[in-house]
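Summary of structural features
Residue strings, one per chain:
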Amino acid sequence: MKVAEAVGRALYAAGVGQVFGVVGSGNFHLTNAMVAAGSRFVAARHEGGAATMADAYARMSGTVAALSVHQGPGLTNAMTGIAEAAKSRTPLLVLAAEVTEPRSNFYVDQEALARSVGAVSARVTSAEDAVTEALDAVRRAVCERRTVLLNLPLGVQVLDVPDARDDASTLAVVPPERAPVEPEFADAEALARVLEKSRRPVFVAGRGARSPGARDALAALAERHGALLATSAVARGLFHGDPWSLDVSGGFASPLAAELIQEADLIVGWGCALNMWTMRHGWLIGPDTTVVQVDDDTSALGAHREVHLGVTGDVELTARRALETHDANRQALQGEQARQGQQGQEARQGFRTADIGAAIAARVRRRDVPYDDTSTRERIDPRTLSIALDDILPAERVIGVDSGNFMGYPSMYLSVPDENGLCFTQAFQSIGLGLATAIGAALARPDRLPVAALGDGGAMMGAAEFDTVRRLGLPMVVVVYNDDAYGAEVHHFGPDGHPLETVEFPPTDIAAVARGYGFEAVTVRTRADLKAVEDWLAGPRSAPLLVDAKVVADRGAWWLEEAFRGH
């Protein structure tokens, strides 16, 4: 058995069941070996799309996914998607063929490429150690939550593996997930003390809290202390349906959410970086607010801003430890009060008053914020469009969003059922990843309607993957917020009188482009035009649907205006 086949079999045995890529001569045998062993392979039309599909699939499935690429240009084509995955700490395995001869036209320093974007580099070095080295790469991706580039030199791939090394049943077991990190007792006690002192706490949950167990633990702890609940954008939906949820913290937040977070005397980031986006460059943190950060990676604590207390630990375990400490202290206090004939105390009210509850119910959603509808007969206001789509599309949805001026509208005006309803690949803020994001998310969550929300620039960048959507038979709705420009640049530079010819384009009939790929398509200029979306939803959905929404371009999105002001 050759190394390529042995490694492919081993990777499947180790739990790598989903592979995306573009197959060339260098990764042909490895990819086919994984397919023969049982992995599902999805062929993309571009390696960049394949990388983002794999990233999104891993995020939404909770499993490690693989990207298979050709040596040299196959890897360089994929680098933007790999950078996004690496910056997001997605457990992703990049399988790249490699030439080691510098005179080859395919030669690049692939190890240096990986390091440059924050990925980890590994290599298969011999026939004897190939399987072990491949499994080590998987283990590192899973246990360290890292994007790992496994280089497979062409000369090594064709070597024969010793018979004793090709039996998948003898492989060392790779853990299916990262082991939860137990918090130190003293840290849990310190957190409990800080919570006891607080009168207006807010919990902000991030990527590290995206699980039902963490959600339930945080909700229970918040109830004890009267805390309000918020998330970063990547964890949106975690507290869906909770009457004390503020939805997203940061630039996307509604005015009411921002006001309440600013009034907090304690902000606790749970698996959340508390970066410039989530905290609006610190503007959401009051001058006397205590800031606590909980993360299972010690290096993340205080990385973006100074914290008063940093706790290394798994979010769910840490929240439960703090809850147990609170309950134990409360029981002891009640026992002492009973002995003294005093009245015991119930859970603290904190922020959870009737007035605040009523305000949250009425005004915390972006769609409930009043606005002047600037729609015309030719173009629709993106807020009006998004609210209408929110009402039309089924509630069980999974949304992939591209980057750009428009992205706040689908991210905040389209509701999601839980933390697996929005796939937000924005760590690198590259446009052109949205369609591939939605494809990967759709494959991970086939029980939900996939929705891709794109700008016209990102739609044209990623248009090759329209073919992938149609070929896979995905019943996807692709919504293009089409302002015929790179809107962020228009609204950043336009007010100062700079020429905009380099970032504006003649009108493009993106609906016609989609029809060429086999989509059904509709051009939307007014609310009435969305009747075609309702008809598609009521039909067989045998082909995907693209909505070419001609949106007004009179001003920048609210979140972008704030970002340009530096908050």
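Let me begin by describing the structure that accompanies this report. (Residues numbered from 1 in each chain as written. Predicted model: local features only at pLDDT ≥ 70, side-chain atom pairs only at ≥ 80, totals over all residues. Heavy atoms only, no water.)

We now examine the packing of aromatic side chains. Following the criterion strictly, the structure yields 12 aromatic pairs and no others. Look at Phe203 and Trp270: their rings are 5.4 Å apart centre to centre, the planes differ by 65°, and that puts the pair in the edge-to-face class. Note that Phe203 is positioned in strand β7 (residues 201-205) and Trp270 in strand β10 (residues 266-270), a separation of 67 residues in sequence. Each member of the pair, Phe203 together with Trp270, is buried. With 5.8 Å between their ring centres and 85° between their planes, Phe252 and Trp559 make a pair best called edge-to-face. With Phe252 in the loop between β9 (245-248) and α10 (255-262) and Trp559 in helix α21 (residues 558-565), the pair connects residues that are 307 residues apart, well separated along the chain. The exposure class of Phe252 is buried, given its relative accessible area of 7%. By relative accessible area, Trp559 is classed as buried at 5%. By way of ring pairs, the aromatic residues Phe252, Tyr409, Tyr413, Phe424, Trp558 and Trp559 are connected into one cluster. Seen from the ring of Trp558, Arg366 lies directly overhead, with NZ or CZ sitting 4.1 Å from the centre. (Phe/Tyr/Trp six-rings, centres within 6.5 Å; stacked < 30°, edge-to-face > 60°. Helix = DSSP H or I, 4+ residues; strand = E, 2+ residues; numbered from the N terminus. Buried < 20%, exposed > 50% of the residue type's maximum accessible area, 1.4 Å probe, protein only. Lys NZ or Arg CZ within 6 Å of the ring centre and 35° of its normal.)

Taken together, the 6 strands give an open sheet; going across it, the order is β14-β13-β15-β16-β18-β17, and neighbouring strands pair in parallel fashion. On the outer flanks of this sheet lie β14 (422-423) and β17 (520-524), each paired with one strand and no other. On the sheet, helix α20 (residues 531-538) packs against β15 (449-455), β16 (477-482), β17 and β18 (545-550) and is oriented at approximately 170° with respect to β18. (Pairing = 2+ DSSP bridges. Contact = heavy atoms within 4.5 Å. Axes fitted to C-alpha atoms, helices over the stretch in contact; angles between N-to-C directions.)

What follows concerns helix α9 (residues 212-225). In this model, α9 (14 residues) spans 20 Å end to end at C-alpha, consistent with the 20 Å of a helix rising 1.5 Å per residue. Residues of α9 that are buried include every one of Gly213, Ala214, Ala217, Leu218, Leu221, Ala222 and His225, and no others. The arc that holds the buried residues of α9, viewed along the axis, is 155°, so those residues lie on one side. Once α9 finishes, Gly226 follows within two positions and takes phi at roughly 70°, a positive value. (Expected span 1.5 Å × (residues − 1). Arc of directions from axis to C-beta.)

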